[in-house]
Amino acid sequence: MYKRQVHALRIKLSREGLTGFIIPHSDEFQNEYLPACAERLAWLTGFSGSAGTAIVLQDRAAIFVDGRYVLQVRNQVDLDVFAPQYLSEVSISEWLISVLKFGDVLGYDPWLHTPQDLKPIREVCKSLNVGLIPCQKNPLDCIWTDRPPAPAALAVPHIIQYAGQSSEEKRRDLAGKLKDVHADMALLTAPDSIAWLFNIRGSDVPHTPLPLSFACLWNDESATLFIDRKKISEGLIDHLGSGVSVACIKEFAITLKEIGYDRRRVLCDPRRTASFIVDQLKEEGAEIVESEDPCVLTKSCKNSVEIEGAREAHKPVSYTHLTL
């Protein structure tokens, strides 16, 4: 099964003038756990772990995993197609140095990699005179004919009774931090940060209450939430309040260009933001302020309501009332 898929990918790469292509376990939001439509690595290789990267070249293919998956990867992938590589023994960069040749062209999907991920790969390709090309359309998506649709679960309010702090208060606090670093805005791409900041929840990703979306937070405390309009539940707009505008997620790329045109100083986390986003902002003239996602530290410090909620969630549940 996977031989056919890899063969089809190689044909597509050849038509695109690519020697190879990188397939990470990721999506445009840099999630660890993915909706079915983003499980590209599993579809191509059979490997179902939560972390890994495959590289398919015309004459060979490899899959890179960490120590958690040493046994699993050998049980799940076709070893006649993919050579397992263990990151404790060889890095992706080291492997690329050993297999790439002058004039090769390696492709990648800029939505699935962060600038930090790509940095060592860029250095290797530059040293070998190998092209590293962002693909406008992911070649794998072009051959994945039965790809599941994108999730469209409703985004719902997370009420103050459980959040313990309003979104307005959170935005006010973070806006002050943006002013401290002279940033006009922060670009938020991590669904957990967005869910926390706006006090919303969803179910786009299995086992995690996340609505997949993007957001812009300005230093005047206003914000824009970019989300599929099919996900907007009854009462969500009122819950977000007048300081938050809602836009279709398809408008996000256009907004990046507008931010660039205006020469804004934009805070981006290079570890959590897709390369496409950073590249687009720079190309259009924005100044990037590289810094950790401003929500990360603040949301890790739980308020009294969140602490009590955690305690309640860990209390044992009695099932004595159930009839067996």
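For the structure itself, consult the block above.
Reading the values: the criteria
- Residues numbered from 1 in each chain as written.
- Predicted model: local features only at pLDDT ≥ 70, side-chain atom pairs only at ≥ 80, totals over all residues.
- Heavy atoms only, no water.
- Helix = DSSP H or I, 4+ residues; strand = E, 2+ residues; numbered from the N terminus.
- Buried < 20%, exposed > 50% of the residue type's maximum accessible area, 1.4 Å probe, protein only.
- Contact = heavy atoms within 4.5 Å.
- Areas by Shrake-Rupley, 256 points an atom, 1.4 Å probe, with all protein chains shown as cover.
- Lys, Arg positive; Asp, Glu negative; His and termini not counted.
- Charge placed at Lys NZ, Arg CZ, Asp CG, Glu CD.
- Pairing = 2+ DSSP bridges.
- Axes fitted to C-alpha atoms, helices over the stretch in contact; angles between N-to-C directions.
- Phe/Tyr/Trp six-rings, centres within 6.5 Å; stacked < 30°, edge-to-face > 60°.
- Nonpolar A, V, L, I, M, F, W, Y, C, P; charged D, E, K, R; others polar.
- Right-handed = clockwise from strand over helix to strand, strands pointing away.
- Left-handed = near helix turned anticlockwise from the far one by under 90°.

(A) Representation of the overall build of the protein chain. Looking only at helices and strands, one finds 14 helices and 14 strands in the protein chain. Within the protein chain, buried positions represent 49% of all 324 residues. Across the protein chain, every contact between residues at least 6 apart in sequence was considered, and the portion connecting residues at least 24 apart equals 68%. As presented, the protein chain carries roughly 16,400 Å² of accessible surface, and 52% of it is formed by carbon and sulfur atoms. Between the averaged position of the 36 positive side-chain charges in the protein chain and that of its 43 negative side-chain charges there is a distance of 3 Å.

(B) Representation of the sheet that holds strand β6 (residues 131–134) in the model. Within the open sheet, the six strands sit side by side as β4-β3-β2-β1-β5-β6. Their pairing is mixed. Pairing within the sheet leaves two strands with one partner each, and these edge strands are β4 (83–86) and β6. Pairs of neighbouring strands in the sheet enclose a mean axial angle of 25 degrees, with direction left out of account.

(C) Representation of the packing of aromatic side chains. Under the definition given, this model contains eight aromatic pairs. Ring geometry for F226 against F252: centres 5.2 Å apart, planes inclined by 70 degrees, an arrangement best described as edge-to-face. Of this pair, F226 sits in strand β11 (residues 223–226) while F252 sits in helix α11 (residues 252–261), and the two are 26 residues apart along the sequence.

(D) Local environment of unusual backbone geometry. With a phi angle near 55 degrees, N199 is a residue other than glycine that sits in the positive phi range. Residue class for N199 comes out buried when judged on its relative accessible area of 4%. A positive phi angle, close to 55 degrees, is found at R263, a residue other than glycine. For R263, the position within the fold is in the loop between α11 and β13 (265–268).

(E) Fine view of the packing of helix α8 (residues 167–180) against helix α9 (residues 191–198). Viewed as axis vectors pointing N to C, α8 and α9 meet at an angle of 115 degrees, and their least axial separation amounts to 7 Å. Between α8 and α9, the residues in contact are S167, K170, R171 and L174 and W196, L197 and F198, respectively. In terms of residue class, the contact of α8 with α9 is built from four nonpolar, one polar and two charged.

(F) Summary view of the pairing of strand β5 (residues 105–108). Bridge count between strand β1 (residues 20–24) and β5: two bridges; the pairing is parallel. Directly across from G20, in β5, lies its bridge partner L106. As paired elements, β5 and β6 share four bridges and run parallel to each other. Among the inter-strand pairings, L106 is bridged to a residue of β6, identified as L132. As for the winding sense of the linkage, the β-α-β connection from β5 through helix α5 (residues 115–128) to β6 is right-handed.

(G) Focus on the packing of α11 against helix α12 (residues 275–284). Contact geometry of α11 with α12 gives a least axis separation of 7 Å together with a crossing angle of 35 degrees. Considering the relative orientation of α11 and α12, their crossing is right-handed. Contact residues: α11 offers F252, L256, K257, I259, G260 and Y261, while α12 offers F276, I277, Q280, L281 and E284. Residues belonging to the contact of α11 with α12 are distributed by class as follows: seven nonpolar, two polar and two charged.

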